[in-house]
Structures are given as C-alpha cells and as structure tokens.
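Below, each chain spelled out in residue letters.
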Amino acid sequence: MTPPRNSLMQTLRENWLPAAVMLFLILFPFIVGALTDSSPMGVARGDRMVMRGESVRWQSVLIEVFILGILAMSYNLIFGFTGVISFGHALFFGLGGYILGMFLEYTGMDTGLAMVLGVVVGVAAAGIVGLIVGFVSLRLRGVYFTIFTLAVAEMCYIFFSRWQVTNAEDGFTIGSLPAWLDPTQSRLNFYYIALALFAFTYLFIRRLVNSPTGAVFKAIRENEDRAQAVGFNTLNYKLISIALAGMLAASAGMLQVILNKKVGPEVLGVSYTVDPLLMTIIGGIGTFNGPILGSAGLHLLDVFFRDATITIGETSIQIANLWGLLLGSGFILVVIIFPLGIIGTWQRWRLKARGRIAKAARPDPSMNPKTEP
Amino acid sequence: MTEAILEARHLRKEFGGLVAVADVSIVITRGTTHSIIGPNGAGKTTLFNLLNGKYHPTRGQVILNGEDITNTPVYRRVHKGMGRSFQITNIFPNLTVLENVRLAAQALGKSNYRFLRRADSFKTYIQRAEEALDIVGLAPMAYSPANVLPHGGKRKLELAIILAGDPEILLLDEPTAGMASEQVPELIETIGAIRRKGGKTIVMVEHNMNVVMNISDRITVMHQGEVLSEGRPDQISNDKTVQSVYLGELYDLPGRQQ
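Residues numbered from 1 in each chain as written. Chains lettered and ligands numbered in written order. Predicted model: local features only at pLDDT ≥ 70, side-chain atom pairs only at ≥ 80, totals over all residues. Heavy atoms only, no water.

A.B. asks: Is there a simple way to think about the overall build of chain A in this case?
C.D. replies: On a plain count of helices and strands, chain A comes out with 14 helices and 6 strands. Taken along its principal axes, the extent of the C-alpha atoms in chain A is 90 × 55 × 55 Å. Looking at the 373 residues of chain A, the share that counts as buried comes to 47%. Restricting the contact set of chain A to residue pairs at least 6 apart, pairs at least 24 apart contribute 71%. (Helix = DSSP H or I, 4+ residues; strand = E, 2+ residues; numbered from the N terminus. Buried < 20%, exposed > 50% of the residue type's maximum accessible area, 1.4 Å probe, protein only. Contact = heavy atoms within 4.5 Å.)

If you want it as structure tokens, here you go:
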C-alpha cells in the first residue's frame, strides 16, 4: 500500500506515465497536423469543413483505439479484477449503440434531447441488463456462467438481425446528430469527447479497484469461498462489477455508432467480446495499463498492415488476407513469452529484480567491522 | 458457564446415497474450547460445513445464540459472530498478508460499498489487521504476498483472518494440519492467547491428540456420522469404546508424539 498522497506534485510524480500519455493524446491531432502539413480541423470547402487529411484520418484511428480501450478496460474489470469470465460483453456494447441510435432516429425528438436521453437510458439499461443477467446466471459457476452469457449475447444478436423495425441485418444510419458531436462535421470535437471518456474510464476503474469495494473484487478473484467465509456477500459484488462494466461498455458502443453514423447487428457480434478478451490477455489481465496497451497495439498493427503487401519475386501477398493467421500466431507467442500479459509479466520481472537487488544490498555485518572504539 | 452459544439439533447431511452426518446433536457452551475428534470419514468437516453454512442440512437445525440460523448463508453468519478456518489452507494467495487480514476486518465494517475512496484510507481496518497479525506473530511478514509464507505461516494467517473479524465463536478445522511437529507448540500457544483474550468460544476439529488433550474443555467423539461419546478430556481418554474405535486406530498413525 502506498503512503497517503498529500500534494498534487506527488500525485504527478507517481503517475508521470499516464500524465505524459494524456498530454500526448491531447496534442496528438496538432502533432500529426504539423508533421504532415494538414489541418486537424479538416479542409475548408466553401462555408463548411470536409473531413480530409492525415490529421483527421489519424484522429479516427485513435478514436477507434479509445473505443476499444474503454471496452477492454471494462472487460478487464470483470475478468481481470473480479475473476468472472463472461463471453457476453458485446451485449452491452451493442445495446448501448442500439438504444442511442434508436433515440436519435426513431423518437423524432430534438437531437440534443434525444442524445442526452439516449445516453442516459442506454447506460442505465446496460446496467440493469447486467444485473438481471448476472442475477440469473451468477449462481452458475465457472464455465456454465460463461456459456450462459455467450448465449444471451447471441440471442440479442439474432434478435436484432431479424427485427424489421431496425432494418434487420442492414441496420440503420444515424443522420440526426448534434453538429458539435458529428464526426463528419468536426472530427476534432468528437476526438476530444472520446478521449475524455477514455480518460474517465481509466481513472474511474483505478479508483474503484483501489477502494474497499475493489478490494472485495480482488478477494473474489483470488478465492471466492474464502471471501464468503470472511463475511462478504460475493454475489452482490459480482453484480456490481458486471453492471458497472456493462455501463462502461455501453458508452463505448455509443461512441462506435456515432463514429460510424450507423447501427447494425455487427455491434452485437461476438468480435466485440473476443477483441477485448484478447486485448486484455495480451496487455495484462488485472493491470490498469494492460488493456490500453493491448487495444492500442492490436488496433494500430491492424491499421498499419491492413493495406500492406509483401512482394517476394513474382508473388505478392496481401497482409490483410493473412491478418487472422498473423494475429493468432502472435497471440500464441505472446501468451508463451508473457504468460501474465505484457504489462503483468513486466511487473513480475521488475518485482523479482527488485527483490534480488534488495537482497544484494542488505549489509553484511561481518564485512563492516567497527572502526570506532 | 452453562449458557449454550451454538447448538446443533439432529443434524443430518446426505450426499446422494452417502450419509456423511447421520444424526448429530451438540451443545457448545459459551467461553469453552470444544474439540471434535474422530477417525477419517467420521463427518467432522461436514459437520463444520453445516455449522458455518457452507452446506445446508438434509434435516435438523443450527442454533446460534438462541436464533435458528439453519437457513442463514455463510457470509451472514460471519456478521452474527461466527468465524471459521479451513482444514485445507484457504487464503487469498496473491494479496499481501496484511490485505488478507484487512479484508476480514473490512467485511464487518460499514464501508464495503464505498467505491470512490481508497481502501487504505480506512485506518481502523488496517489497525485491526495489524493487531491480529501481532497476536499470531506474522507482523514482520505483513507486506509479503501471502503465497510466499511457509505452510505454518499460512496456518497462522488463517487464524489472523478469523481474529480480525473478532468473532464470538471460532470454528477451527484442523489448525495444525500438515504442520511440522516443532511448530505445533507455537500454534497451541497462539490459540491459548486467543482464549485468554477473553470470552471466545472455540470449536475445533483436530487430529493431534496432544493439542486436543491440552487445550480442550470438552471433547465430542464422532464415528460414522454420529456422536459416539462426549465429556471432559480425562473422561474421553478413559472411555473404553472411544479407545477401541478411535484412539486405538490413532496409536498406529505415523508422526504422533506421545
């Protein structure tokens, strides 16, 4: 446990890395703009801005990183800190997206009002669904719970791919967004909104996990029977963990549908469960920075190699076609080399190294004969 | 000294066709140390699981302080003053020794659902945990991960976890299980310290006869899911039936000191 924090400087000194990353992300659109000689605001055409140029393109890439990062961090709250393995995380992501989209397109309300209500109702609904699914299924232990969550998420996916009201498989486009939020009118605004939510999620999860409630989450992960025998109603805590993670995932889903300006059943697809799972495992289960590293790493690799081709003599290979294969092999390698994820294994190494240093530095009394009488 | 704190009334537990506990009635008197002994498979641990709520009995009742707690879940019995240690070491392996104990103190406090303050800003829980670690002699290891403790240390940690909850009644399931014999006197001393702290009732399942005969006020002998005999240590060691079914077998066990 750390000593009590008493000053802003001390807080900054202990958290220099997240603070530096945050500063970089705030300046990022302008840095890319300066490097590539493009405006972060896009290109002016007549009286409106067109979203073109390198800076704007990279803003989109990072917005996707933020969305996946929020999703992975929320997944890590259940999986890494509470020790409950759910395969239904896409349910929350997609539900958030669908509810916000339907408020914007189907209610005929003023867009600002629809936006606010959609966010509130969507987040609340995700929390409530989390509680209900958890309450019904958390009595099942281990793999049965996992299968149950997968089944619920898939049911939801099938429902929305058949439901005529939301155009079944085709989904629907979102046309009525408030101008300040619309990524096709101001990508930069939306970039900062997504960044703010990303930073909020990071800080919130850190605060939660270090709180008394978070201490119980970790106790459940370590040994649920013991946590009960010590006097905790573990079901309640698992429900809290799932509901909060569901709410965060729903907000990520909302960012996703705003970015794409489209809602379709793919937001409920199993890839929004598997991606955060892989990202968390690769980055480091049960660490604060792991899911962020995992989501940024995987998504950026995907972006870099999506269009790349390797030409060897006569044959040229499109990396995009091999992406799944590369990802799979990379995953196996990472799991073998970093069994606790990159951040988790690195922390373990550092602890071990410190232990060794501490032992070596311990003064040996025989080597230090008294010189003074 | 005759007030009952915990009572089992005609407890029975079946697992499918197997009757683990057939019909057990026990009265535990407040402030005493009550040992439950019996050969392997006599149903001692099952009885413990019935008393602490891990299992629900097929039949019968559990009464704590005059209140029927047969249907009360494990975690709520803890809040009613019942603490339990386990035969197989049961700790939070990757948390620090202090955090293991601090959680137990926190569990009985009122800030479990405070999720916006740091856990280590609640000083009383840390103090309680440190006191408990002092009693069992683990204070120097407070900041080590619990899984690096040697086996004896983990058994002591079990005790500290229960103590931090400050229960009225402690259920200790084989506190010396798997301990090297030279560590046993130290553990007896620790349990003695807990008894002297006053008012505590201890119910203990134990195989080590030295421990049982040394610190028990009363002994219940179980055999094949039933109570065979009950009495003071001197009565039990002179009981002919007990000697034949239990002590007789025990004399053959390796590693016993006499």
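A.B. asks: Sorry, what's going on with unusual backbone geometry here?
C.D. replies: Trans is the prevailing form of peptide bonds, just as negative phi is the prevailing case for residues other than glycine. Its identity is not glycine, yet A:Ala168 carries a phi of approximately 40°, on the positive side. Accessibility expressed as a relative area gives 11% for A:Ala168, which makes it buried.

A.B. asks: Honestly, the packing of helix α11 (residues 271–283) of chain A against helix α13 (residues 319–337) of chain A in this entry has me stumped. Any pointers?
C.D. replies: When two helices pack together, their arrangement is given by the angle between the helix axes and by the axis-to-axis distance. All names here are of chain A. One way to put it is that α11 packs onto α13 with a least axis distance of 9 Å and a crossing angle of 35°. Crossing of α11 over α13 shows left-handed handedness. The segment α11 lies against α13, with Leu 278, Ile 281 and Ile 282 engaging Leu 327, Phe 331, Val 334 and Val 335. Broken down by class, the residue content of the contact of α11 with α13 amounts to 7 nonpolar, no polar and no charged. (Axes fitted to C-alpha atoms, helices over the stretch in contact; angles between N-to-C directions. Left-handed = near helix turned anticlockwise from the far one by under 90°. Nonpolar A, V, L, I, M, F, W, Y, C, P; charged D, E, K, R; others polar.)

A.B. asks: Could you clarify how one ought to interpret helix α10 (residues 234–260) of chain A in this entry?
C.D. replies: Think of an α-helix as 3.6 residues a turn; residues three or four steps apart then line up on the same face. Residues and elements named next belong to chain A. With 27 residues, α10 should cover 39 Å at 1.5 Å per step; its first-to-last C-alpha distance of 39 Å lies within 8% of that length. Here α10 lies mainly inside the structure; 23 of its 27 residues are buried. Within two residues after α10, Lys 261 carries a phi angle of roughly 50°, on the positive side. (Expected span 1.5 Å × (residues − 1).)

A.B. asks: What is the right way to read empty space enclosed by the protein from this model?
C.D. replies: It is a probe the size of a water molecule, rolled over the atoms, that shows where empty space is left. Scanning all chains against the criterion turns up 4 cavities of 30 Å³ or more. Size it by volume and the largest cavity reaches roughly 100 Å³. In terms of lining residues, the largest cavity is bounded by 14 residues, among which A:Val230, B:Val78, B:Gly83, B:Ile161 and B:Ile162 are the most central. Elements supplying a minimum of two residues to the lining of the largest cavity: α9 (224–230) of chain A together with β6 (82–84) and α5 (151–164) of chain B. When its residues are assigned to classes, the lining of the largest cavity shows 9 nonpolar, 3 polar and 2 charged. The computed volume of the second largest cavity comes to approximately 80 Å³. For the second largest cavity, the lining is made up of 13 residues, of which A:Ser86, A:Phe92, A:Val133, A:Thr149 and A:Ile242 are closest to its centre. Residue assignment for the lining of the second largest cavity shows that the elements contributing at least two residues are α4 (89–106), α5 (111–137) and α6 (143–162) of chain A. Broken down by element, the lining of the second largest cavity gets its largest block of residues, 4 residues, from α5(A). Among the residues making up the lining of the second largest cavity, the classes are represented as 7 nonpolar, 6 polar and no charged. (1 Å grid on protein atoms, 1.4 Å probe; cavity = no way out; pocket = protein on both sides within 12 Å on 5 of 7 lines; lining within 4 Å. Points joined across faces, edges and corners; volume = space filled by probe spheres on them.)

A.B. asks: Which parts of the structure should I look at to understand the confidence of the model for chain A?
C.D. replies: In the predicted model, chain A carries a mean pLDDT of 86, and the fraction of residues at 70 or more is 93%. In this model, residues 358–373 of chain A is a region of pLDDT below 50 whose contacts with residues beyond four sequence positions or in other chains number 0 contacts. (pLDDT = per-residue confidence, 0-100.)

A.B. asks: Which parts of the structure should I look at to understand the packing of aromatic side chains?
C.D. replies: Two aromatic rings, taken as a pair, are described by how far apart their centres are and by the angle between their planes. Residue and element names in this part refer to chain A. A complete count under the given rule lists 20 aromatic pairs over all chains for this structure. Ring centres of Trp 58 and Phe 304 lie 5.9 Å apart, and the angle between their planes is 45°; on these two criteria the pair is classed as tilted. One end of the pair, Trp 58, is in helix α3 (residues 54–81); the other, Phe 304, is in helix α12 (residues 290–306), and 246 residues separate them in sequence. On the basis of relative accessible area, Phe 304 is assigned to the exposed category, the value being 53%. Three or more aromatic residues link up through ring pairs in this structure, and these residues are Phe 24, Phe 28, Phe 66, Tyr 191, Tyr 192 and Phe 198. (Phe/Tyr/Trp six-rings, centres within 6.5 Å; stacked < 30°, edge-to-face > 60°.)

A.B. asks: Mind showing me how you'd approach the interface of chain B and chain A here?
C.D. replies: A common way to report how large an interface is uses the accessible area buried once the components associate. Taken together, the contact pairs 35 residues of chain B with 29 residues of chain A. Roughly 2,900 Å² of surface becomes buried between chain B and chain A when both sides are summed, with 60% attributable to carbon and sulfur atoms. At the boundary of chain B and chain A, one finds 2 salt bridges. Among the ionic pairs, B:Lys54 bridges to A:Asp225, the shortest N-O distance being 3.8 Å. Across the contact surface, chain B and chain A share 9 residue pairs in polar contact (both at pLDDT 80 or more). Mapped onto the side of chain B that touches chain A, the elements with two or more residues apiece are α2 (74–79), α3 (97–107) and α5 of chain B. Tallying contributions element by element places α3(B) first for the side of chain B that touches chain A, with 6 residues. When grouped by side-chain class, the residues that make up the side of chain B that touches chain A number 19 nonpolar, 7 polar and 9 charged. (Buried area = accessible area lost by both parts, 1.4 Å probe. Salt bridge = Lys/Arg side-chain N within 4 Å of Asp/Glu carboxyl O. Polar contact = N/O pair within 3.5 Å; in protein donor to acceptor, adjacent residues only side chain to side chain.)

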